[in-house]
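# Summary of structural features
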Amino acid sequence: MDAVIRTEELTKRFGDRVAVDRINLEVRPGEIFGFLGPNGAGKTTTIGMLLGLIRPTSGRAFVLGCDVQREAATALREVGAMIEAPAFYPYLSGRDNLRVLARAAGLPDRRVEEVLAQVDLTARARDRFGTYSQGMKQRLGIAAALLHEPRLIMLDEPTNGLDPAGQLEIRHLVRSLSGSGRTVFLCSHLLHEVEQVCQRVAILKQGRIIAQGEVAALLRRGVLVRTIGERERAEALLRSTPWVSRVSAYGDAFLIDAPGDRTADINALLTAGGVPVAEIRHYETSLEEFFLEVTTERERR
Amino acid sequence: MINLIRAEWLKLSRRPLSWILLSLFLVLLVAQVLVQFALTVGMPVRSGVVSAQFEEWRRGVLFPGIFATALSHVNGLGGIFAVIFAAGAIGSEYSWGTIRTHLARDPARGRYLLAKLATIMLALAAATLLAVALAALIGVMLAPFLGAGVSIAPGDLANLILGVLRALYVLLPYVLLTVYATLLTRSLLGGLAVGLSYIIVEAGFGTLALLRILGGVWALAYNLTIGQNINTLTLMNRHAFGLRPETTAPLDLSQLPSPLQATFVVAVYSALFLFLSLHFFRTRDITGPN
């Protein structure tokens with residue numbers, strides 16, 4: 001199946017500063033793809049290039065199979081986007097702001113009412129945008145992105161400035177969008193948010209992708225084994241066990257790939273081998289821990 | 001394109017700045033006409049230039065001269081309002097970040113800018129027509145006080161159509177310069193500063209008109225300014241409705257560019273600013289709000 005977004009060595013320099021450095025992305029149809037990175041990592045610049053707002057210094061970007069540089073109009077026809085803070089006319093009502101966009105796209109006003117209802121803003125649609133709370137502004141931004149029923153939706157920090165309830169609401173909305181067959185490209189620096197809704201992620205740091213793949217595959221799962229001394233003997237014992245497929249040092253402990261119901265066997269194995277055991281438990285890293293791990297690894301190198 | 005113009009019209013017509021500018025523009029027109037009326041009503045007998053000036057003001061309050069007064073207002077103070085309006089229409093898109101919202105949906109930047117320009121000119125045309133209508137209304141009300149009737153010849157109506165088009169044509173280079181400066185600086189204030197500064201500098205340059213006496217490059221440079229060429233066009237509007245400003249001001253008609261040159265020079269300036277605006281807008285990155 002063709003990628004919805006694909007980049008080839010996409011690069012953007014602003015003077016001497018490299019904002020985005022030879023990134024290769026692939027986003028598949030129907031997935032919620034997380035684009036992660038700290039503030040200033042180059043996420044918004046990448047979105048800008050994907051939307052034809054910023055010209056790449058080199059490399060190429062394809063959206064829905066079209067080269068953004070050469071066929072921007074075709075590429076973006078079925079893309080809805082909210083970039084950073086939702087940007088609207090403060091003196092217009094939420095409804096009129098959407099009507100401006102609908103008129104420009106030749107869409108009927110009926111569509112405005114539909115998206116207002118979809119993001120639960122109908123009751124406040126007559127109020128000026130300038131009077132909206134941050135959560136309402138974000139919802140209006142998403143409504144604008146949905147207006148022309150796009151196949152691909154790019155959301156840049158959609159939960160910025162929202163309280164936990166607002167964040168939850170946006171997460172539900174993102175899931176429902178994906179459920180209706182759309183692809184969602186979710187840009188965020190909030191790792192737990194991405195972990196909760198995304199199937200695959202790319203992690204960007206200082207303009208470079210340092211990890212990309214399925215969330216489940218990137219996160220480390222296994223059995224954590226902590227011994228009291230005797231590390232070498234413990235490692236040798238674990239490695240010689242046929243149902244342990246991988247043993248790796250994890251701080252002062254080991255993280256091993258083993259069936260979850262073998263913790264008692266591991267304990268028995270180590271105790272019989274003369275290794276005192278301090279702790280054995282199931283373990284799963286969070287995306288946050290993974291992020292810190294890969295970014296600090298890179299810094300060490 | 002029509003869809004984009006409809007969208008732009010919705011934005012501009014709902015914007016408080018548009019209505020504030022229009023109100024101020026019309027109030028100042030009314031004030032100008034009333035001052036002219038007050039000065040001419042019960043006018044004592046005067047002689048020479050003073051008398052000619054008062055007579056010119058009187059003609060400017062009566063038909064068809066009132067049309068020339070309205071059109072002069074459009075090309076005088078109206079120019080300043082047009083610059084503010086154009087800078088606001090483009091510059092706010094940058095400061096609010098709404099330009100990204102639009103261009104992320106429709107990347108045809110040239111079409112977007114042309115739709116914006118068309119809408120700005122449409123709004124200026126509407127303001128000009130309103131000014132003419134308001135001036136005509138006041139003219140009808142004031143005519144009996146000056147012992148004059150209200151008579152408009154078919155020729156005046158034809159002149160009025162031409163006059164309105166000429167007045168808008170005169171505004172065009174200033175609007176386009178402002179648009180270019182706003183795009184260049186990505187800011188309302190930047191566009192405003194350049195647009196208004198140009199008007200002020202050109203007015204100042206006008207006082208240096210004596211440099212024409214030096215001839216050669218000086219005379220040529222002076223003759224190619226926007227201001228000098230629009231003087232010809234605005235004077236045509238006054239003459240069309242029976243006003244004779246040369247009888248009251250030190251205006252040497254022989255020194256003015258010909259209507260053909262004036263039309264051509266204004267077209268060249270407008271085309272240059274339009275080309276620069278389009279080129280700049282198409283090639284520049286669109287980043288976040290300033």
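Look above for the structure.
These numbers come from a predicted model, not from an experiment.

## A closer look at the sheet that holds strand 15 (residues 277-284) of chain A
What holds strands together in a sheet is hydrogen bonding between their backbones, with the strands either parallel or antiparallel. Residue and element names in this part refer to chain A. A sheet is described by the order of its strands in space; here 4 strands give the open sequence 13-14-12-15, paired in antiparallel fashion. The open sheet terminates on both sides in strands that have one partner only, identified here as strand 13 (246-250) and strand 15. Neighbour-to-neighbour, the strand axes of the sheet open up by a mean angle of 25 degrees, direction not taken into account. The pairing of strand 12 (residues 221-227) with strand 15 spans 7 bridges and is antiparallel. Residue Arg-226 lies in a different strand from strand 15, and its bridge partner there is Glu-279. Contacting strand 12, strand 13 and strand 14 (253-257), helix 9 (residues 231-239) crosses the sheet at an angle of about 0 degrees to strand 14. Strand contacts of helix 10 (residues 263-272): strand 12, strand 14 and strand 15, with the helix running at about 150 degrees to strand 15, the strand carrying the most contacts.

## A few points about the pattern of salt bridges
Residue and element names in this part refer to chain A. This model, assessed by the stated rule, comprises 26 salt bridges over all chains. For Arg-226, the salt bridge goes to Glu-279, with nearest N and O atoms at 2.2 Å. Here Arg-226, found in strand 12, pairs with Glu-279, found in strand 15; they are 53 residues apart in sequence, far enough to count as distant. Residue Arg-226 is classed as partly exposed on the basis of its relative accessible area of 24%. Note that Glu-235 is salt-bridged to Arg-239, the shortest N-O span being 2.8 Å.

## Some words on the interface of chain B and chain A
Counting residues at the interface gives 27 residues for chain B and 30 residues for chain A. Note on chain B versus chain A: buried area summed over both sides is about 2,700 Å², and carbon and sulfur give 58% of it. Where chain B touches chain A, the interface holds 2 salt bridges. The partner of Asp-285 of chain B in a salt bridge is Lys-12 of chain A, with the nearest N and O atoms 2.8 Å apart. One can count 16 residue pairs in polar contact (both at pLDDT 80 or more) joining chain B with chain A. Secondary-structure elements contributing two or more residues to the side of chain B that touches chain A are helix 1 (2-14), helix 6 (98-103) and helix 12 (259-283) of chain B. Tallying contributions element by element places helix 1 of chain B first for the side of chain B that touches chain A, with 7 residues.

## What about the packing of aromatic side chains?
Residues and elements named next belong to chain A. Counted under the stated rule, the structure contains 15 aromatic pairs over all chains. Seen in terms of ring centroids, Phe-88 and Phe-129 are 5.1 Å apart; in terms of plane orientation they differ by 65 degrees. Their pairing is edge-to-face. One end of the pair, Phe-88, is in the loop between strand 7 (79-82) and helix 3 (94-105); the other, Phe-129, is in the loop between helix 4 (109-118) and helix 5 (134-146), with 41 residues separating them in the sequence. For the pair shown, Phe-88 and Phe-129 are each scored as buried.

Thresholds applied
- Residues numbered from 1 in each chain as written.
- Chains lettered and ligands numbered in written order.
- Predicted model: local features only at pLDDT ≥ 70, side-chain atom pairs only at ≥ 80, totals over all residues.
- Heavy atoms only, no water.
- Pairing = 2+ DSSP bridges.
- Helix = DSSP H or I, 4+ residues; strand = E, 2+ residues; numbered from the N terminus.
- Axes fitted to C-alpha atoms, helices over the stretch in contact; angles between N-to-C directions.
- Contact = heavy atoms within 4.5 Å.
- Salt bridge = Lys/Arg side-chain N within 4 Å of Asp/Glu carboxyl O.
- Buried < 20%, exposed > 50% of the residue type's maximum accessible area, 1.4 Å probe, protein only.
- Buried area = accessible area lost by both parts, 1.4 Å probe.
- Polar contact = N/O pair within 3.5 Å; in protein donor to acceptor, adjacent residues only side chain to side chain.
- Phe/Tyr/Trp six-rings, centres within 6.5 Å; stacked < 30°, edge-to-face > 60°.

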